[in-house]
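# Chains, contacts and geometry: an overview
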Amino acid sequence: MIDCLRRRGCSVTALPASTPAETVLSGGYDGVLLSNGPGDPAENTDMIREIKKLYDSGLPLYGICLGHQMLALATGARTGKMDYGHRGGNHPVRDVERGRVFITSQNHGYMVLADTVDPVVAQVSHINANDGTCEGLRYRRPNCFSTQFHPEANPGPRDMEYLFDRFVEGKQMSEMPQKRELLYEGKAKKVYATDDPELLIVSYKDDATAFNGLKKGTIVGKGVINNRMSDLLMARLEREGI
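Figured I'd write up the structure that's included with this text. (Residues numbered from 1 in each chain as written. Predicted model: local features only at pLDDT ≥ 70, side-chain atom pairs only at ≥ 80, totals over all residues. Heavy atoms only, no water.)

## Quick look at the pairing of strand β4 (residues 100–112)
Here strand β3 (residues 79–95) runs beside β4; their pairing, made up of eleven bridges, is antiparallel. The residue bridging arginine 87 from the neighbouring strand is asparagine 107, located in β4. From the end of β3 to the start of β4, which pair antiparallel, there are four residues, and glycine 99 there has a positive phi angle of about 70°. (Pairing = 2+ DSSP bridges. Helix = DSSP H or I, 4+ residues; strand = E, 2+ residues; numbered from the N terminus.)

Structure below.
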């Protein structure tokens, strides 16, 4: 992780996990990367309180693995122990915005429970293609996001390092597009246009009617929806030039 940041021109300071938020905020840092670690994230109550202070400060944050879980806990979500952990360098993860699946490296036995994430605070950004578990969150506040997998440990050449670019360059992953026109309404879901021409929103009437593992209100890249959308909606999109 340090090497990934240094290759992007960052000066990196490694701090102990017990460092108080006040020390970080008074240090003049441009952002904080919350790194990985072992064990049950919910047991780290003192650190979770400090992370909440960092979150509230508006400082850019990127959480990886344990950092992803503890950032979620700091913002009101819950975590749980997995029946079968994710271990190894061959786990497929779908980037919801990009509509692409990447192979990732993972080593964890706990996960963020997606249905406990407050949609006012954050939204699931990455989903495990094998079991549908949460692999990433994007937060409403600027330049704050997290991933369960390890982007620095690429099974391929540089598969997920774009996330470090996003963090360093401050590209907004956090601004939620707003619903506009209703494009389609079916028995289980509605599809809306948004103020972002590249994105649609799929809203489910019942969380139990999962759509390829996505949850209620998930923002989905058009490429993802197009592969599974009804002929009626596809025809409508073509007519509208969307």
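## Some details on the packing of helix α3 (residues 45–57) against helix α4 (residues 66–74)
A pair of packed helices is characterised by two quantities: the angle between their axes and the separation of those axes. Contact pair α3 / α4: the axes reach a minimum separation of 8 Å and the direction vectors enclose 75°. Considering their axes alone, α3 and α4 lie roughly perpendicular with respect to each other. Here Met47, Ile48, Ile51, Lys52 and Tyr55 of α3 come into contact with α4, specifically with Met70, Leu71, Leu73 and Ala74. Across the contact of α3 with α4, the residue classes break down as eight nonpolar, no polar and one charged. (Axes fitted to C-alpha atoms, helices over the stretch in contact; angles between N-to-C directions. Parallel < 35°, antiparallel > 145°, perpendicular 65-115°, else oblique. Contact = heavy atoms within 4.5 Å. Nonpolar A, V, L, I, M, F, W, Y, C, P; charged D, E, K, R; others polar.)

## Let's talk about the nonpolar core
If you look at soluble globular proteins, the nonpolar side chains tend to sit buried side by side. Grouped together as the largest cluster of nonpolar side chains are 28 residues, with contacts concentrated most on Val32, Tyr55, Leu61, Leu71, Val112, Leu137 and Tyr139. Looking at this core, the elements that each hand over two or more residues are α2 (21–25), β1 (32–34), α3, α4, β5 (122–128) and β6 (134–139). In terms of residues, this core owes the most to one element, α4, which gives six residues. (Core = buried A, V, L, I, M, F, W, Y, C linked by side-chain atoms within 4.5 Å. Buried < 20%, exposed > 50% of the residue type's maximum accessible area, 1.4 Å probe, protein only.)

## Re the sheet that holds strand β7 (residues 144–147)
What the seven strands build is an open sheet, ordered β1-β2-β7-β6-β5-β3-β4; its pairing is mixed. Either end of the sheet is taken by a strand with one partner, and the two such strands are β1 and β4. Ignoring strand direction, the axes of neighbouring strands in this sheet form an average angle of 25°. In the sheet, β6 pairs with β7 via three bridges, with the strands oriented antiparallel. Residue pairing across strands places leucine 137 opposite serine 146, the latter belonging to β7. Sitting on the sheet, α4 touches β1, β2 (61–64), β3, β4, β6 and β7, and the angle it makes with β6 is about 55°.

## So, the packing of aromatic side chains
Applying the stated rule across the entire model yields five aromatic pairs. Aromatic pair tyrosine 55 and tyrosine 139: ring centres 5.7 Å apart, planes at 65°, arrangement edge-to-face. Of this pair, tyrosine 55 sits in helix α3 while tyrosine 139 sits in strand β6; the two residues are 84 residues apart in sequence, bridging distant segments of the chain. Judged by relative accessible area, tyrosine 55 falls into the buried class, the value being 12%. Ring geometry for tyrosine 62 and phenylalanine 164: centres 5.9 Å apart, planes at 75°, overall edge-to-face. Of this pair, tyrosine 62 sits in strand β2 while phenylalanine 164 sits in helix α5 (residues 162–169), and the two are 102 residues apart along the sequence. The residues tyrosine 62 and phenylalanine 164 share a single accessibility class, namely buried. Here the aromatic cluster, defined as three or more aromatic residues joined through ring pairs, consists of Tyr62, Phe145, Phe164 and Phe167. It is arginine 141 that lies over the ring of tyrosine 55; its NZ or CZ is 5.3 Å from the centre. (Phe/Tyr/Trp six-rings, centres within 6.5 Å; stacked < 30°, edge-to-face > 60°. Lys NZ or Arg CZ within 6 Å of the ring centre and 35° of its normal.)

## Some points on α3
For α3, spanning 13 residues, the distance from its first C-alpha to its last is 19 Å, which sits close to the expected 18 Å at 1.5 Å a residue. Buried residues belonging to α3 abut α2, β1, β2, α4, β6 and β7. Immediately beyond the C-terminal end of α3, within one or two residues, lies glycine 58, with a positive phi of roughly 90°. (Expected span 1.5 Å × (residues − 1).)

## Looking at unusual backbone geometry
Of note in this structure, cysteine 65 is not a glycine but carries a positive phi near 60°. Its location among the elements puts cysteine 65 in the loop between β2 and α4. The exposure class assigned to cysteine 65 is buried, which follows from its relative accessible area of 4%. Not every positive phi belongs to a glycine, and asparagine 143 is a case in point at roughly 45°. Assignment of secondary structure puts asparagine 143 in the loop between β6 and β7. Relative accessible area serves as the criterion here: at 8%, asparagine 143 is assigned to the buried category.

## Re empty space enclosed by the protein
Regions of empty space are outlined by a rolling probe, equal in size to a water molecule, passed over the atoms. In the structure shown here, the tally under the stated rule is two cavities of 30 Å³ or more. Reported here for the second largest cavity is a volume of approximately 30 Å³. As for the second largest cavity, its lining consists of Ala72, Thr75, Gly76, Ala77, Val117, Asp118, Val121, Ala122, Leu137 and Tyr139. Here the lining of the second largest cavity is composed, by residue class, of seven nonpolar, two polar and one charged. (1 Å grid on protein atoms, 1.4 Å probe; cavity = no way out; pocket = protein on both sides within 12 Å on 5 of 7 lines; lining within 4 Å. Points joined across faces, edges and corners; volume = space filled by probe spheres on them.)

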